[in-house]
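# Structural features, examined
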Amino acid sequence: MNRADRVAAFRQALGQRILILYGAMGTEIQKHALTEADFRVARFQAYVKNLKGDNDLLTLTRPDVIAGIHASYLAAGADILETNTFNSTKASQDDYGTSDLVLELNREGAALA
């Protein structure tokens, strides 16, 4: 389905019912009890700072977890997905020394959703 068709379908759905936006990505991520190793895959071994807690980085290191969370919200009846990009900004990623990844995090976060 192309973009115009998706927009038309979305508008039609809005006119017919209340659409549900899912929430609580961070809470769902915490349920997975991830460790530093889940954040620090081979690609990120040279990064100096601890990466655990940079949940946006999971879009690159554990896309299976993020995609699974999206799928669970869709299965529960959500109509609209958010991206896992709440902290995919330069300011937030500076805390982890990963600000060079902001564009990739946003692009891949949107692709997963």
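Before any of the text, the structure's been laid out above.
About the thresholds
Residues numbered from 1 in each chain as written. Predicted model: local features only at pLDDT ≥ 70, side-chain atom pairs only at ≥ 80, totals over all residues. Heavy atoms only, no water. Salt bridge = Lys/Arg side-chain N within 4 Å of Asp/Glu carboxyl O. Buried < 20%, exposed > 50% of the residue type's maximum accessible area, 1.4 Å probe, protein only. Phe/Tyr/Trp six-rings, centres within 6.5 Å; stacked < 30°, edge-to-face > 60°. Helix = DSSP H or I, 4+ residues; strand = E, 2+ residues; numbered from the N terminus.

A few words now on the pattern of salt bridges. All told, the structure shown has 8 salt bridges when counted by the stated rule. Linking K31 and E28 is a salt bridge whose minimum nitrogen-to-oxygen distance equals 2.9 Å. You can call K31 exposed: its relative accessible area is 60%. For E28, a relative accessible area of 18% puts it in the buried group. The salt bridge partner of E36 is R40, with a shortest N-O separation of 2.9 Å. Members of the salt-bridge network, linked through shared partners, are D38, R62 and D64.

What the rule picks out here adds up to 2 aromatic pairs. Ring geometry for Y22 and Y73: centres 4.2 Å apart, planes at 35°, overall tilted. Of this pair, Y22 sits in the loop between α1 (3–16) and α2 (25–30) while Y73 sits in helix α5 (residues 63–75); the two residues are 51 residues apart in sequence, bridging distant segments of the chain. Residues Y22 and Y73 agree in their burial class; the two are buried. For the pair F44 and Y47, a centre-to-centre distance of 5.3 Å together with 70° between the ring planes defines the contact as edge-to-face. The exposure class assigned to F44 is buried, which follows from its relative accessible area of 1%.

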